[in-house]
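# Notes for the structure review
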Amino acid sequence: MNKEFWLNKKVLITGHTGFKGSWLLILLKLLGAKVYGLSLDVLPNPSLFDEINSSNFSCESFFEDINNRDNLKKCISDIMPEIVFHLAAQPLVRESYKNPINTWSTNLMGSLNLLDSLMKMNKNCSVVMITTDKVYKNKEWIHGYRENDELGGYDPYSASKAACEIAISSWRDSFCLGDKEGCNLMIASARSGNVIGGGDWAKDRIFPDVIRSLQNNQKIIIRNPKSTRPWQHVLDPLAGYLVLAEKLYKSRKIFKDSSENIYAGPFNFGPAIDSNKTVEELVHEINKHWNGLISIKGSSQKLHEANKLHLQVDKSFHLLGWKSKWNFENAVKRTVDWYYNFNQKSCSAYDLCARDIDSFINGT
């Protein structure tokens, strides 16, 4: 992560009040960027964003809905960002079954509203659109998916994100190739695996669910023990996003025709293959650092979720020089330590995040 590059850069994070957005906000502020955030004003309780703000750490926030095109354009016009990280989304699979229309509207049309607003500001801007590893048509392969594999999605969340990838590609082809008039955007998309890290209190995510059980001295219920996911600490893909954004920003001087730009496209950010673990293995690893009772029960839900998921990251390695830095065991230990210190020792969320960021950057 190039601190000299990020110093005083005007950066917009959409979805900055979410789990990944809050970590990215802290990271960019520590790198010296001028950070702006755009999100809904409805926050979960507890919220990492609220916790870090209670430590007198803040950025200029715009609380708007990306589905409101007029208000979104006004915000973009006021900020005039140089770099954008688009994380605003409805990010939960189960919630997408409950509210499919809102999921599709936010994840697809909200993303297009953002691109349209950025194009209308008539200023060069590099945009990293964050989607998910679930954009691929899941064939339950044992090998990883590559960026050129078939897109798809069974559940509304996965399908809406796959549709977003198609829309991003269409926008780039329609408005950002060659010397088309008004083309001011350089657009890439980032697909990352299941992230863990301190400060995630979302429902229906295995790590927060386990932590809640441990805090309340309740049994840890595992309903899909054999489902395999590419677990990685949140800082690993975020570091990849930063490298991609920097390459994208600098590439305008390298590639005169954006159709040749090797950075304007999709990139996978996943862990090494030995970090692909089952849910049961994840819970047992957590138990090494914070002991609790485990109960395995068959899932009663009828909602479809993929069993196997893995990303190939050759493209990110060769073009960006990126690879996952913290292995599975280290990522789990640091995440458990974050929650334990936050709950048992009353350490501030900001200090715990800053500590992990310092360790990540300096290799301690």
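Please refer to the structure placed before this passage.
A short tour of the structure in this document, coming up. Starting afresh in each chain, residues are numbered from 1 along the sequence in its written order. Per-residue local features are limited, in this predicted model, to residues with pLDDT of at least 70; the limit for side-chain atom pairs, both in listing and counting, is 80 or more; totals at the level of whole chains, interfaces and linings are taken over all residues. Excluding hydrogens and water, the side-chain figures rest on all heavy atoms present in the structure.

## Focus on the overall build of the chain
A tally of helices and strands in the chain yields 13 helices and 13 strands. Rg of the C-alpha trace for the chain: 20 Å, near the compact-globule value of 21 Å for 364 residues, within the 12% margin. With the C-alpha coordinates of the chain rotated into their principal frame, the extents come out at 60 × 45 × 40 Å. Throughout this description, buried means an accessible area under 20% of the type-specific maximum (1.4 Å probe, protein chains only), exposed means over 50%, and partly exposed covers the range between. For the chain, with 364 residues in total, the buried portion stands at 55%. The contact criterion used throughout is that any non-hydrogen atoms of two residues lie within 4.5 Å. Of the contacts made within the chain by residues no fewer than 6 positions apart, 82% connect residues no fewer than 24 positions apart. Under the counting rule used here, the positive set is Lys and Arg, the negative set is Asp and Glu, and His together with the chain ends is not counted. Just so you know, the charge point we use is NZ for Lys, CZ for Arg, CG for Asp and CD for Glu. Charged side chains in the chain number 45 positive and 40 negative. The centres of these two groups are separated by 2 Å. Per the convention used, a helix needs a DSSP run of H or I reaching at least four residues, while a strand needs a run of E reaching at least two, with both numbered from the N terminus. As a reference, a globule follows 2.2 Å times the number of residues to the power 0.38, and the radius of gyration itself is taken over C-alpha atoms.

## Some details on the pairing of strand β2 (residues 34-39)
Looking down a regular strand, the side chains alternate between one sheet face and the other. Of all six residues making up β2, five are buried, and the element is well covered by its neighbours. In terms of strand pairing, strand β1 (residues 10-14) meets β2 through five bridges, oriented parallel. The partner of Leu 12 across the bridge, within β2, is Tyr 36. With respect to chirality, the unit in which β1 leads through helix α2 (residues 19-30) into the neighbouring parallel β2 is right-handed. What makes two strands pair is DSSP finding at least two bridges between them. As defined by bridge partners, β2 adjoins strand β3 (residues 60-63) across four bridges and the pair is classed as parallel. Crossovers are described as right-handed under a simple rule: with the strands pointing away from the observer, the path leading from the first strand over the helix to the second runs clockwise.

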